[in-house]
Amino acid sequence: LENLKGADKLKLYTGKGYPDGLAGDQIPLGARIIALADSIDAMLSDRPYRRGMSSEECRKQMEQNKGIMYDQAIADLVIANWDEIVKKRMEIEIN
C-alpha cells in the first residue's frame, strides 16, 4: 500500500497541491496511475451538473496536461492504447 500513499489527495505531477510537496517520480507510482485513471473516469462520466466529455476530448486533455497533471510516461502509454481502453470501458458499461 505504500505505492498508493497520497492517491486520495488532489495533486499535480508538478508537485503543486501534493500534501508532502512531492513532484514527478517522488510521487508513488500507484498514486500517479490512480490520478490519471480517476481523471479519465471523471472526464468521461456524466455528472448531475454536466455531460461527460467525448473520448476524443478526454484524450486531448490528457495530451495537454501530461507532465503537468499527469506522469508523461503513463499518459503516453494510456494515449498509445486509447482505442482499446475506450472499447473496454464501453464493454464494462454495457454489462
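The structure presented is a predicted model; accordingly, all values stated were derived computationally and were not measured.

## Concerning the environment of Arg 59
Here's step 1: Mapped onto the secondary structure, Arg 59 falls in helix H2 (residues 55–65).
Here's step 2: C-alpha separation for the pair Arg 59 and Met 43, spaced 16 residues apart in sequence, amounts to 9.7 Å.
Here's step 3: When neighbours within four sequence positions are excluded, Arg 59 is seen to be in contact with Ile 79 and Trp 82.

## Structural notes on empty space enclosed by the protein
Here's step 1: Under the counting rule described, the total for this entry stands at one cavity of 30 Å³ or more.
Here's step 2: What the largest cavity holds in volume is close to 60 Å³.
Here's step 3: Lining the largest cavity are 10 residues; nearest its centre among them are Tyr 13, Ile 27, Arg 32, Ala 35 and Met 69.
Here's step 4: Of the residues in the lining of the largest cavity, the class split is seven nonpolar, no polar and three charged.

## Concerning the nonpolar core
Here's step 1: Core analysis: the largest hydrophobic core is formed by 13 residues, its most contacted members being Leu 36, Ile 40, Cys 58, Met 62, Tyr 70, Val 78 and Trp 82.
Here's step 2: Taken together, the elements giving at least two residues each to this core come down to helix H1 (29–44), H2, helix H3 (72–80) and helix H4 (82–94).
Here's step 3: Residue contacts for Trp 82: discarding those within four places in its chain leaves Ile 40, Leu 44, Ser 55, Cys 58, Arg 59 and Met 62.

## Regarding the side chain of Lys 66
Here's step 1: Here Lys 66 lies in the loop between H2 and H3.
Here's step 2: Judged by its relative accessible area of 19%, Lys 66 falls in the buried class.
Here's step 3: A polar atom in the side chain of Lys 66 sits 2.5 Å from the side chain of Asp 76.

## Let's talk about the packing of H1 against H2
Here's step 1: Two elements in contact, H1 and H2, have axes whose closest approach is 10 Å; the angle formed by their N-to-C orientations is 145 degrees. Crossing of H1 against H2: the hand is right-handed. For the pair H1 and H2, the contacting residues are Leu 36, Ile 40, Met 43 and Leu 44 in the first and Ser 55, Cys 58, Gln 61 and Met 62 in the second.
Here's step 2: Considering only residue class, the contact of H1 with H2 consists of six nonpolar, two polar and no charged.

## Here we look at H2
Each turn of an α-helix holds 3.6 residues, which means side chains three or four residues apart point in the same direction.
Here's step 1: Looking only at H2, the buried set comprises Cys 58, Met 62 and Asn 65. Along the axis of H2, the buried residues cluster in a sector spanning 80 degrees; they form a single face.
Here's step 2: Contacts from the buried residues of H2 go to H1, H3 and H4.
Here's step 3: Directly beyond the C-terminal end of H2, a positive phi value near 85 degrees is found at Gly 67.

What counts, and where the lines are drawn
- Residues numbered from 1 in each chain as written.
- Predicted model: local features only at pLDDT ≥ 70, side-chain atom pairs only at ≥ 80, totals over all residues.
- Heavy atoms only, no water.
- Helix = DSSP H or I, 4+ residues; strand = E, 2+ residues; numbered from the N terminus.
- Contact = heavy atoms within 4.5 Å.
- 1 Å grid on protein atoms, 1.4 Å probe; cavity = no way out; pocket = protein on both sides within 12 Å on 5 of 7 lines; lining within 4 Å.
- Points joined across faces, edges and corners; volume = space filled by probe spheres on them.
- Nonpolar A, V, L, I, M, F, W, Y, C, P; charged D, E, K, R; others polar.
- Core = buried A, V, L, I, M, F, W, Y, C linked by side-chain atoms within 4.5 Å.
- Buried < 20%, exposed > 50% of the residue type's maximum accessible area, 1.4 Å probe, protein only.
- Polar contact = N/O pair within 3.5 Å; in protein donor to acceptor, adjacent residues only side chain to side chain.
- Axes fitted to C-alpha atoms, helices over the stretch in contact; angles between N-to-C directions.
- Left-handed = near helix turned anticlockwise from the far one by under 90°.
- Arc of directions from axis to C-beta.

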